Amino acid sequence: MSSTNFTPRYLKVALSVPMRRLFDYQLPEGESVSDWPAGIRVKVPFGKSHRIGLLVEHASSTEWQPEQVKPAQQRLDDQPLLPESLWQLSLWSAKYYQHALGDALLSTLPTKLREGGALSAGNIRQWRLTAAGQQTTPACLSRAKAQQHLLSLFQQEPALTDNAIAEQAGSRSALLAMEKKALIEAFSIASGDAKWGEKLQISSDTPVLNKEQAAAVAAIRGSQQQFQPFLLEGVTGSGKTEVYLQAMAPVLEAGKQVLMLVPEIGLTPQTLNRFQKRFNCPIAMLHSGLNDTERLDAWLQARDNRAGIVIGTRSAIFTPCHQLGMIIVDEEHDMSLKQQEGYRYHARDLAVARAQKEQLPLLLGSATPSLETLQNALHGRYQHLQLRSRAGNAQAVKHQLLDIKGRPLDQGFSPELLGLIKQHLHNDGQVLVFLNRRGYAPSLICHECGYLEECRRCDAYYTLHQRTGLLQCHHCGSQKPVPHQCPECGSTRLLGRGVGTEQLEQALQRHFPEHPCIRIDRDSTRRKGALDAFLGQIKRGEAKLLLGTQMLAKGHHFPEVTLVVIMDVDGALFSADFRAPERLGQLITQVAGRAGRAGKQGTLVMQTHHPEHILLQDLLQNGYGHFARTALSERKQAQLPPFRHLALFRAESHRSEDAEAFLMQLSALLQQKLIESAIELGAVLGPMPAPMERKAGRFRWQLLLESAERKTLHQWLHGILVQAEKLPISRKIRWSLDIDPQDL
Ligand code: ADP
Ligand code: ZN
Ligand code: ZN
């Protein structure tokens, strides 16, 4: 073997470790560089064992002693794992978010690939209804409840894996019994179909678009094969999904794939059904409910063009596609699009970057656009498409503020509110009650001395959960039995203070015993499949009273709901978080969108002590669009995003002074760089304690950077993290950087 100085013999490999550097290895003896292209997975020795990494680049020299550099063990792929454009986007994204490259690249791959698994998911066994099964109605199985339930699952989804059945139906015996009766059958194919493009059929059963919808579809159809972002702004029920479907059609007809991002809990069977009814092509689904095999399978379906449509939550923005023709981000304002820990990226912003790199049209849809996106639309960077009326025969929602100043509250309900609920139930409407606080009461207080039970590890009170008899901290998860006596004065008169969903349920059952009530929050839906089961019950009209946290606010279509109640809007009116008004406006508008979707008059009622509050008045009188524009001008005056760009360093430690000291040193580095590089228009704020200073036993501090220019901010941060990593104190604490933070 001869190796000259000119042939690159070194491999720079990204490994999933928190260090901000690549690792050098030698090309193994006898191997040729051309067989080791960048972007393949490689197995390399690391410490006493080995790791799977991604080959990022070649080098002809190394800063280490050549004899220290070990040879790589093996390459796992012949070809780069990702298409070039997505590879480039992934590299860019890690840089933009200043995240360790190895972790950024590897954390977005399916687990099986990250662990070195083969590029094949194998065949996944699935079940489907036979012809006889399709003829069967639930009534035919009324004596076998488990089978009946399974049948209803199959009526919602055409095919279910063993896994999905185990999760949602629980019982295997029902499955076997139905197989014996020849109502269902197993089948197994490599999922998807690479010939979907040739076989594509588009259902002609489509509604006639209204004027605004037609204009939106025409605009989008006219912008194929070029980078063009659209903001599709339209209230819930205005027909955005219909616009997506019709805008997608020509893309699929041209044999190109469509990638659609949806919020965490927006991926309903209802949505999937609509897509399947319209297009006969395979749809790859990527969401948190998949096991590792299913996830790899869906990822490969997208990459190898065995699916025409790819629908997924946040991380699906990193899904490789064979030939992408369009990206859609539904509910683009939704918080779940931002990853809040580890690799803190924003999937909507990456969608913009990806669409630009791949020269694609991009649809950002929302009833309540984020102020960032709205600003881009108002400034013409995005084309603004508006749907102002509700599609079909749905009517606009009536709003009503209930002033509860001085009113007697019965477990949170004013007499007027109870009267309204009664009236709607009487008229056979469904009622949806919304409160973003789970548990029975947000704190436990001693009625004798006022002592409040506080979490020992957080700056927070315990939430009382009466059903389980536990006090729970919603911030660190710690829990303990409800005490019988006050630890301060010994009194046994301990009371829940404030109201949570569990208590509302109790009150509703007391007032309306003849109506079953369904509560949807994280406690009631902990069991897998529970949420789907509840949603099914609601849809079938088995309950008239619905109650829940924001889980209930999103995406679901409840046509029979005529009254939506927001129990408490006051908290958000006086929050320190500058995004609180935006979020409140979004929440109220989204929740209101649950009412009156099928030709029935819907009413939204909110209880408040501040009916005159200008935010509420603006929102109710002028709608979200106006409200958001007002909020934008306030942000501009206050020099806040999207008019300024932020980056937030967070540090936490068991010793408060360590976290603070680290940020002080970091601040000094940043100030110095500001002067050295003559960067103007940048400011460092802090260090200051985080809004909840102590959480899970750690003290939390933060340092905020702001700048008028995104570019300046990045210039400023460049190289700082490597320096921060080298500060000795950094090893004593946990710290992170959040670019474009959503929570301050
Ligand atoms: P969004 O996504 O904005 O909530 P959808 O697309 O789901 O709105 O539309 C709401 C309802 O109205 C759906 O049942 C849909 O089938 C129906 N719909 C949409 N567009 C039309 C139309 N042009 N004519 C009649 N019905 C429509
Ligand atoms: Zn007491
Ligand atoms: Zn706690």
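Heads up: the structure comes first, above all this text.
Residues numbered from 1 in each chain as written. Chains lettered and ligands numbered in written order. Predicted model: local features only at pLDDT ≥ 70, side-chain atom pairs only at ≥ 80, totals over all residues. Heavy atoms only, no water.

**Student:** Looking at this structure, how should I read the coordination of the zinc ion (ligand 2)?
**Tutor:** Any two of four tetrahedral donors ideally make an angle of 109.5 degrees at the metal, while pairs among six octahedral donors ideally make 90 or 180 degrees. Every protein donor of the zinc ion (ligand 2) is listed here as Cys446 (SG), Cys449 (SG), Cys486 (SG) and Cys489 (SG), and their distances to the metal cover 2.2 to 2.4 Å. Taken together, the four donor atoms coordinating the zinc ion (ligand 2) and their angles of 104 to 112° define a geometry best described as tetrahedral. When the donor residues of the zinc ion (ligand 2) are listed from N- to C-terminus, their spacing reads C-x2-C-x36-C-x2-C. In this pair, cysteine 446 sits in strand 18 (residues 443–446) while cysteine 486 sits in the loop between strand 21 (479–481) and strand 22 (494–497), placing the two residues 40 residues apart along the sequence. The same class applies to cysteine 446 as to cysteine 486, namely buried. (Donors = N, O, S within 2.8 Å, 3.2 Å for Na, K, Ca; no water. Tetrahedral: all angles 85-135°; square planar, octahedral: opposite > 155°, others 65-115°. Helix = DSSP H or I, 4+ residues; strand = E, 2+ residues; numbered from the N terminus. Buried < 20%, exposed > 50% of the residue type's maximum accessible area, 1.4 Å probe, protein only.)

**Student:** Whenever I open this one, the sheet that holds strand 17 (residues 430–434) confuses me. Can you help?
**Tutor:** Either a parallel or an antiparallel arrangement is found when strands of a sheet pair, and the pairing is made through backbone hydrogen bonds. Spatially, the six strands line up as an open sheet ordered 16-26-25-17-24-23, and their pairing is parallel. Two strands bound the open sheet, and with one partner strand each, they are strand 16 (398–403) and strand 23 (517–520). Going across the sheet, the axis of each strand differs from the next one's by a mean of 20°, ignoring polarity. Two elements, strand 17 and strand 25 (residues 561–566), share five bridges in a ladder whose sense is parallel. For phenylalanine 434, the partnering residue across the bridge sits in strand 25 and is isoleucine 566. Most of the contacts of helix 17 (residues 530–539) go to strand 23, to which it runs at about 145°, and overall it touches strand 17, strand 23 and strand 24 (545–548). (Pairing = 2+ DSSP bridges. Axes fitted to C-alpha atoms, helices over the stretch in contact; angles between N-to-C directions. Contact = heavy atoms within 4.5 Å.)

**Student:** Help me understand the packing of aromatic side chains in this model?
**Tutor:** Both the distance between ring centres and the angle between the ring planes are used here to describe each pair of aromatic rings. For the coordinates displayed, the defined rule picks out nine aromatic pairs. Both rings, one in tryptophan 92 and one in tyrosine 96, keep their centres 5.2 Å apart while their planes meet at 20°; by these two values the pair is stacked. Note that tryptophan 92 and tyrosine 96 are positioned in helix 1 (residues 84–96) at a spacing of four residues, about one turn of the helix. Accessibility expressed as a relative area gives 33% for tryptophan 92, which makes it partly exposed. Judged by centre distance (6.4 Å) and plane angle (35°), the ring pair of phenylalanine 649 and tryptophan 735 falls under tilted. With a gap of 86 residues between them, phenylalanine 649 in strand 27 (residues 645–653) and tryptophan 735 in strand 30 (residues 734–739) connect regions that are remote in the sequence. In this structure an aromatic cluster arises from ring pairing among Trp92, Tyr96 and Tyr97. A cation sits over an aromatic face here: arginine 21 above phenylalanine 23, 4.1 Å from the ring centre. (Phe/Tyr/Trp six-rings, centres within 6.5 Å; stacked < 30°, edge-to-face > 60°. Lys NZ or Arg CZ within 6 Å of the ring centre and 35° of its normal.)

**Student:** Help me out: how do you make sense of the site of ligand 1 in this one?
**Tutor:** Taken together, 17 residues form the shell around ligand 1, and within it Val208, Gln213, Gly237, Thr241 and Arg274 come nearest. Measuring from a nitrogen atom of ligand 1, one finds a side-chain N or O atom of glutamine 213 at 2.8 Å. Contacts to ligand 1 include lysine 240, whose backbone N or O atom sits 2.9 Å from an oxygen atom. Classifying every residue of the shell around ligand 1 by side-chain character gives five nonpolar, eight polar and four charged. (Near = heavy atom within 4 Å. Polar contact = N/O pair within 3.5 Å; in protein donor to acceptor, adjacent residues only side chain to side chain. Nonpolar A, V, L, I, M, F, W, Y, C, P; charged D, E, K, R; others polar.)

**Student:** Before we go on, may I ask you to explain the environment of leucine 552 in this structure?
**Tutor:** Note that leucine 552 resides in the loop between strand 24 and strand 25. The buried category is assigned to leucine 552, whose relative accessible area is 1%. In the structure, leucine 552 is positioned 17 residues away from leucine 535 in sequence and 9.6 Å away in space, judged by C-alpha atoms. Setting aside residues no more than four positions away along its own chain, leucine 552 makes contact with Leu432, Ile520, Leu546, Leu547, Phe558 and Arg594.

**Student:** Help me understand the packing of helix 5 (residues 145–156) against helix 7 (residues 172–180), please; the structure alone is not making it clear to me.
**Tutor:** Helix packing geometry: the angle between the two helix axes and the distance between the axes. One can describe the packing of helix 5 onto helix 7 by two numbers: an axis separation of 9 Å at closest approach and a directional angle of 80°. Overall, the two elements helix 5 and helix 7 adopt an arrangement that is roughly perpendicular. Counting all contacts with helix 5, which are made through Ala146, Gln147, Leu150 and Leu151, the residues of helix 7 involved are Ala174, Leu175, Ala177 and Met178. In terms of residue class, the contact of helix 5 with helix 7 is built from seven nonpolar, one polar and no charged. (Parallel < 35°, antiparallel > 145°, perpendicular 65-115°, else oblique.)

**Student:** When you look at unusual backbone geometry in this model, what are you seeing that I'm missing?
**Tutor:** Peptide bonds are mostly trans, and most non-glycine residues show a negative phi. Omega for the bond connecting proline 641 with proline 642 falls within 30 degrees of zero, at 5°, which places this linkage in the cis form. Examined against the element boundaries, proline 642 turns out to sit in the loop between helix 20 (614–637) and strand 27. Note the cis peptide between glycine 686 and proline 687, where omega equals 5°. Residue position: proline 687 is located in strand 28 (residues 682–695). A positive phi angle, near 55°, is found at glutamine 359, a position not held by glycine. Mapped onto the secondary structure, glutamine 359 falls in the loop between helix 13 (347–357) and strand 14 (361–366). Residues other than glycine seldom take positive phi values, yet glutamine 639 does so here, at roughly 55°. Its location among the elements puts glutamine 639 in the loop between helix 20 and strand 27.

**Student:** When you look at the coordination of the zinc ion (ligand 3) in this model, what are you seeing that I'm missing?
**Tutor:** Within the protein, Cys455 (SG), Cys458 (SG), Cys473 (SG) and Cys476 (SG) serve as the donor atoms for the zinc ion (ligand 3), at 2.3 Å. Seen from the zinc ion (ligand 3), its four donor atoms lie at angles of 106 to 113°, and the figure they make is tetrahedral. Positions of the donor residues of the zinc ion (ligand 3), expressed as sequence spacing, correspond to C-x2-C-x14-C-x2-C. Here cysteine 458 is found in the loop between strand 18 and strand 19 (463–465), whereas its partner cysteine 473 is found in the loop between strand 20 (470–472) and strand 21, with 15 residues between them in sequence. The residues cysteine 458 and cysteine 473 share a single accessibility class, namely buried.

**Student:** Please explain the side chain of serine 656 as it appears in this structure.
**Tutor:** Its location among the elements puts serine 656 in helix 21 (residues 656–676). For serine 656, a relative accessible area of 16% puts it in the buried group. Residues within four places of serine 656 in sequence aside, it is in contact with Glu693, Phe699 and Trp701.

**Student:** Just checking my understanding: could you explain empty space enclosed by the protein for this structure?
**Tutor:** If a probe the size of a water molecule is rolled over the atoms, the empty space left behind becomes visible. Within the structure shown, the criterion is met by four cavities of 30 Å³ or more. Considering only enclosed or pocket space, the largest cavity measures out at about 90 Å³ in volume. Taken together, His333, Asp334, Met335, His346, Arg348, Ser370, Glu372, Arg579, Glu582, Arg583, Gln586 and Gln742 form the lining of the largest cavity. Residue contributions to the lining of the largest cavity peak at three residues, all from helix 19 (residues 580–592). Tallied by class, the residues present in the lining of the largest cavity amount to one nonpolar, five polar and six charged. (1 Å grid on protein atoms, 1.4 Å probe; cavity = no way out; pocket = protein on both sides within 12 Å on 5 of 7 lines; lining within 4 Å. Points joined across faces, edges and corners; volume = space filled by probe spheres on them.)

**Student:** I keep staring at the sheet that holds strand 20 and nothing clicks. Help me out?
**Tutor:** On the basis of which strands lie adjacent, the open sheet formed by three strands has the order 19-20-21 and antiparallel pairing. This sheet does not close on itself; its edge strands, each paired only once, are strand 19 and strand 21. Looking at each pair of strands side by side, their axes are set apart by 25° on average, direction ignored. Here strand 20 runs beside strand 21; their pairing, made up of three bridges, is antiparallel. In the sheet register, leucine 471 faces strand 21, and the bridge partner there is lysine 480.

**Student:** I would appreciate a short explanation of the environment of valine 565 in the present structure.
**Tutor:** With respect to the secondary-structure elements, valine 565 resides in strand 25. A sequence separation of 545 residues divides valine 565 from arginine 20, and the C-alpha atoms of the two residues are 49 Å apart. If near-sequence neighbours (up to four positions away) are discounted, valine 565 is found in contact with Leu417, Leu432, Val433, Phe434 and Val605.

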